[in-house]
Amino acid sequence: MKGDPEGVYPGKRGSILIDDVLTRKGRTDIFIDSRGIIGAVGEGVSRRYRNEADLLLPGKDCIAIPGLVNTHTHAAMTLLRGYADDMPLEDWLSQKIWPLEANLTGQDVYWGTRLACLEMIRSGTIAFSDMYFFMDEAARAVAESGLRAVLSYGFIDLFDADRREREMKATIDLVTGIRSLDNPKVRPALGPHAVYTVSEESLRWLADYSAREGIPVHIHLCETEKECADAVRQWGKRPVQILDACGILTRNTVAAHCCWLDRVECMLLGRRGVVVSHNPASNMKLAVNRAMPYHWLKESGVSVTLGTDGSASNNNLDLFEEMKTAALLQKFAWNSPTLLPAGEALMMATEAGARALGTGNGTLAPGQPGDIVLLDRNAVCNTPMHNLDSNIVYSCSGAAVRTVICQGDILMKDRFIPWEAETIRGASAAAADLVRRCSDSMHKH
Ligand SMILES: [Zn+2]
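Keep in mind that what you see is a predicted model, and the values were worked out from it rather than measured.

Turning next to the environment of L80. Following the sequence through the fold, L80 ends up in the loop between β6 (68–73) and α2 (89–101). On a C-alpha basis, the gap between L80 and S311 in space is 6.9 Å, while along the polypeptide they are 231 residues apart. Filtering out sequence-adjacent residues up to four positions away, L80 remains in contact with I97, L100, E101, A312 and L434.

Next up, the structure:
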């Protein structure tokens, strides 16, 4: 044990020993090597690695779980948190969200994403899949935070040929830009927004680009009944049929929402290997009027993950809340108290999410990335401890998170993050300035 004289190690890379910590499989020791990989787990590991470890984290008062994974968000929308709530989806978008987004700058996206990263670390998330604009600025914020992210530019051509050219260029530029960062934690994805905003020509181009270069696809699918009905009216096909005809439905695709899938569509997604991102809080808030059919997706073998969606429609990025909301919504909507039990909700946020974003298998096993979250064992939400899964999903919130480790980098230690205060200041100022610019531009017109 070489010691930790300052007592604080955020962002420091070195080998870590977590001693005598409670996990889903009982008490154990965990050693993370200096590459950030879990080297050993089990009793006696502490004895073996005590002298070698750069840092010892006593685990006696902690619970260790794999880091949580958020498979659908628009991180910079943290700046829009609480700006407009309790409105119909169409009005909310057209009167509030889009006018504000029209004034968005790269600087705003930087501060909004930075705020999102801060919030995710504080609530135990270690990786996320993001779709938005000015994604080079989002990548900068993510890289500074030490989190993992899959970043996609929100491709919207509105069926216009000139616009398509611009969106294709923006997409290629982002892929090239992120690859040039050469940061293994930050990877590109393709982000066709949805069938009602992206033409078939573009969908085909994106499917081809994805297949050629092995780049994942991130898309919204069957969020509302209107989306499905409009597609049938305009093109005589449902959204799933359109995407399948264009080659978008593959193992490399994560489809968000999926509320209005029918049973046959769930089976098709299963055959194609598409991963679904369940976004229960957003779906309930915007009243999409149907819960994602988890039981059909499960019987079809579809891997279902969890996402928060953006902060304007949630209004936070806390995956603990999302696990609970998912478990409750599924039970309530499908009238089944046994549907989506706590252990399955936790698997969605860890194992399924990690596999979907290609960051290991989301377990605390040797050879897996050192992506570990330590919870407060003595918190009220963990007292008493009859059932660990139940406490994590139904009782805890992100406030129970003490320490966050991502690929062996300590991003938060005992709830301390060195760049927190500066981020709160910068994001507050950016949000205020964005609203001011938006109201100025409206008065001009
Ligand atoms: Zn979304």
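Let's shift gears to the coordination of the zinc ion. Around the zinc ion, the donor atoms from the protein are H72 (NE2), H74 (NE2), H220 (NE2) and D309 (OD), and they sit 2.1 to 2.4 Å away. Coordination at the zinc ion is irregular, judged from the four donor atoms that bind it and the angles of 86 to 175° they form at the metal.

Counting 124 residues, the largest nonpolar core has L261, L269, L297, F320 and M323 as its most contacted members. Take this core: its biggest share by element is nine residues, from helix α3 (residues 106–122). Filtering out sequence-adjacent residues up to four positions away, F320 remains in contact with I65, L68, S123, L375, I392, V393, C396, S397, G398 and V401. Ranked by size, the runner-up nonpolar core spans 15 residues in total, among them I16, A64, L374 and I405.

On the surface, a nonpolar cluster with roughly 280 Å² of combined accessible area is contributed by L158, F159 and W235. With respect to the secondary-structure elements, L158 resides in the loop between β8 (148–155) and α5 (161–181). What makes L158 partly exposed here is its relative accessible area of 45%.

Look at any regular strand and the pattern is simple: side chains alternate between the two faces of the sheet. With eight of eight residues buried, strand β7 (residues 125–132) is to be regarded as a mostly interior element. Bridge count for β6 against β7 is four bridges, and the pairing is parallel. Bridge pairing links T73 to D130 in β7. Pairing between β7 and β8: six bridges, direction parallel. The partner of Y132 across the bridge, within β8, is Y153. For the crossover from β7 across helix α4 (residues 135–145) to β8, the handedness is right-handed.

Looking now at the pattern of salt bridges. Inspection of every chain in the model, using the stated rule, returns 30 salt bridges. Across the salt bridge formed by E137 and R140, the nearest N and O atoms sit 2.8 Å from each other. Placement of the pair is E137 and R140 together in helix α4, with a separation of three residues, close to one helical turn. You can call R140 partly exposed: its relative accessible area is 36%. Ionic pairing is found between R238 and D262, a salt bridge with its closest N-O pair at 4.0 Å. Taken together, the residues R238 in the loop between α7 (225–235) and α8 (239–245) and D262 in the loop between β11 (253–257) and α9 (263–272) connect sequence positions 24 residues apart. The exposure class assigned to D262 is partly exposed, which follows from its relative accessible area of 30%. One salt-bridge network, in which partners are shared between bridges, spans D108, D433, R436 and R437.

Moving on to the packing of α3 against helix α15 (residues 420–444). Helix-helix packing: each pair is described by the crossing angle between the helix axes and the interaxial distance. At a minimum axis separation of 9 Å, α3 and α15 run at an interaxial angle of 135°. Regarding the angle of α3 to α15, the classification is oblique. Considering the relative orientation of α3 and α15, their crossing is left-handed. In this structure, α3 contributes D108, W111, R114, L115, L118 and R122 to the contact, and α15 contributes E420, E422, T423, I424, G426, A427, A430, L434 and R437.

To continue, consider the side chain of D318. Position of D318 among the secondary structure elements: in the loop between β13 (304–306) and α12 (319–333). Although D318 is buried, it forms no salt bridge, and the closest oppositely charged side chain is R415 at an N-O distance of 8.3 Å. Looking at D318, its side chain comes within polar contact range of the main-chain nitrogen of G398, at 2.8 Å.

All right, on to the packing of aromatic side chains then. Think of a pair of aromatic rings as described by two things: how far the centres are apart, and how the planes are tilted against each other in angle. Across all of its chains, the model carries eight aromatic pairs by this definition. Between F31 and Y49, the aromatic rings sit 4.0 Å apart at their centres with planes inclined by 15°, giving stacked as the arrangement. In this pair, F31 sits in strand β2 (residues 26–32) while Y49 sits in helix α1 (residues 45–49), placing the two residues 18 residues apart along the sequence. Residue class for F31 comes out buried when judged on its relative accessible area of 3%. A centroid spacing of 5.2 Å and a plane angle of 35° characterise the contact between W205 and Y209, whose relative ring orientation is tilted. With W205 and Y209 both in helix α6 (residues 200–213) and four residues apart, this pair spans about one turn of that helix. Residues W205 and Y209 agree in their burial class; the two are buried. A network of ring pairs unites the aromatic residues Y132, F133 and Y153 as a single cluster.

Below, the discussion takes up α12. Helix length check: α12, at 15 residues, gives a terminal C-alpha distance of 20 Å against a target of 21 Å (1.5 Å per residue), a fit within 8%. Residues L319, F320, E322, M323, A326, A327, L329, Q330 and K331 constitute the buried set of α12. Where α12 ends, the next residue or the one after it, N335, has phi of about 55°, a positive value.

In terms of burial, β11 is largely enclosed, as five of its five residues are buried. For strand β10 (residues 217–221) and β11, the ladder comprises five bridges, and the chain directions are parallel. Along β11, the bridge assignment pairs H218 with V254. Inspection of the sheet shows β11 paired to strand β12 (residues 275–278) by three bridges, in the parallel sense. Each bridged residue has a counterpart across the sheet, and for A256 the counterpart in β12 is S277. Following the backbone out of β11, through α9 and into the adjacent parallel β12, one traces a crossover that is right-handed.

Each value, and the rule that gives it
Residues numbered from 1 in each chain as written. Predicted model: local features only at pLDDT ≥ 70, side-chain atom pairs only at ≥ 80, totals over all residues. Heavy atoms only, no water. Helix = DSSP H or I, 4+ residues; strand = E, 2+ residues; numbered from the N terminus. Contact = heavy atoms within 4.5 Å. Donors = N, O, S within 2.8 Å, 3.2 Å for Na, K, Ca; no water. Tetrahedral: all angles 85-135°; square planar, octahedral: opposite > 155°, others 65-115°. Core = buried A, V, L, I, M, F, W, Y, C linked by side-chain atoms within 4.5 Å. Buried < 20%, exposed > 50% of the residue type's maximum accessible area, 1.4 Å probe, protein only. Patch = residues over 30% accessible without salt bridge, like charges linked within 9 Å, V, L, I, M, F, W, Y side chains within 5 Å. Areas by Shrake-Rupley, 256 points an atom, 1.4 Å probe, with all protein chains shown as cover. Salt bridge = Lys/Arg side-chain N within 4 Å of Asp/Glu carboxyl O. Pairing = 2+ DSSP bridges. Right-handed = clockwise from strand over helix to strand, strands pointing away. Axes fitted to C-alpha atoms, helices over the stretch in contact; angles between N-to-C directions. Parallel < 35°, antiparallel > 145°, perpendicular 65-115°, else oblique. Left-handed = near helix turned anticlockwise from the far one by under 90°. Lys, Arg positive; Asp, Glu negative; His and termini not counted. Polar contact = N/O pair within 3.5 Å; in protein donor to acceptor, adjacent residues only side chain to side chain. Phe/Tyr/Trp six-rings, centres within 6.5 Å; stacked < 30°, edge-to-face > 60°. Expected span 1.5 Å × (residues − 1).

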